[in-house]
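Architecture at a glance
Each chain, written out:
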Amino acid sequence: MPSISNIVSESKEERVILYRKFFAELRLNRLHFQLIILNYFSNLDTPDNRQSFIKELENYISFFRKMDSWLVALKQEGLYPEFQEQCLDEIKAIEQIIQSYEGKMKT
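First things first, this report covers the structure right here in the doc. Note that this is a predicted model, so its numbers are computed, not measured.

**Let's talk about the overall build of the chain**
What the chain contains, in helices and strands, is four helices and zero strands. Secondary structure elements in the chain, listed N-terminal to C-terminal, are α-α-α-α. Since a compact globule built from 107 residues should have a radius of gyration of about 13 Å, the 18 Å found for the chain marks it as more spread out than a globular shape. Projected onto the principal axes, the alpha-carbon positions of the chain cover approximately 50 × 40 × 15 Å. Burial analysis of the chain (107 residues in total) assigns 20% to the buried set. Here the chain has roughly 8200 Å² of accessible surface; of this, 56% comes from carbon and sulfur atoms. When the 14 basic and 16 acidic side-chain charges of the chain are each reduced to a single mean position, those positions are 3 Å apart.

Pasting the structure below:
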């Protein structure tokens, strides 16, 4: 997550770039998490595999708890509306990607 102090000190255009980079990092992290899940599924006979998977899940949950605090700080700085606008743009882009995948899977 970009630090709130860095976000506050940037222009709106720079903040939008930071938000978009943040969303790109989230997508990349989801792909890494997908790999963790697949490694878990494919290595059930590996010792400590379950504990490793649980640790990764806990890290993922911890990240989202930190996100809550980050969002509160963003609201306190009055920057949440512009972040929310970027979220809505990201939602539209992801919905288009999903539709494309679903279309390909139907054929």
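That was the structure; now back to the text.
**Quick look at helix α3 (residues 49-76)**
Taking 1.5 Å as the rise per residue, α3 with 28 residues should run 40 Å; its terminal C-alpha atoms sit 41 Å apart, in good agreement. Among all positions of α3, only N49, F53, M67, W70, A73 and L74 are buried. In this fold, the buried residues of α3 make contact with α1 (4-9), α2 (12-42) and α4 (80-106).

**Some points on the side chain of N49**
Positionally, N49 belongs in helix α3. Polar contacts involving the side chain of N49 include one to the main-chain carbonyl oxygen of N43, which spans 2.9 Å. If we skip the residues at most four places from it in the chain, N49 touches N39, Y40, N43 and L44.

**With respect to the packing of aromatic side chains**
Two aromatic rings are characterised by how far apart their centres lie and by the angle between their planes. Counting across every chain of the model gives eleven aromatic pairs. Taking 4.3 Å as the distance between ring centres and 15° as the angle between the ring planes, the aromatic pair formed by F33 and Y60 counts as stacked. Of the two residues, F33 is situated in helix α2 and Y60 in helix α3; the sequence distance between them amounts to 27 residues. Judged by its relative accessible area of 14%, F33 falls in the buried class. Considering the side-chain rings of Y40 and F53, the 4.3 Å spacing of their centres and the 15° angle between planes classify their relative orientation as stacked. With Y40 in helix α2 and F53 in helix α3, the pair connects residues that are 13 residues apart, well separated along the chain. By relative accessible area, which is 19% here, Y40 ends up buried. Cluster of aromatic residues (ring-pair linked, three or more members): Y19, F22, F23, W70, Y80 and F83.

About the cut-offs
- Residues numbered from 1 in each chain as written.
- Predicted model: local features only at pLDDT ≥ 70, side-chain atom pairs only at ≥ 80, totals over all residues.
- Heavy atoms only, no water.
- Helix = DSSP H or I, 4+ residues; strand = E, 2+ residues; numbered from the N terminus.
- Rg over C-alpha atoms; globule rule 2.2 N^0.38 Å.
- Buried < 20%, exposed > 50% of the residue type's maximum accessible area, 1.4 Å probe, protein only.
- Areas by Shrake-Rupley, 256 points an atom, 1.4 Å probe, with all protein chains shown as cover.
- Lys, Arg positive; Asp, Glu negative; His and termini not counted.
- Charge placed at Lys NZ, Arg CZ, Asp CG, Glu CD.
- Expected span 1.5 Å × (residues − 1).
- Contact = heavy atoms within 4.5 Å.
- Polar contact = N/O pair within 3.5 Å; in protein donor to acceptor, adjacent residues only side chain to side chain.
- Phe/Tyr/Trp six-rings, centres within 6.5 Å; stacked < 30°, edge-to-face > 60°.

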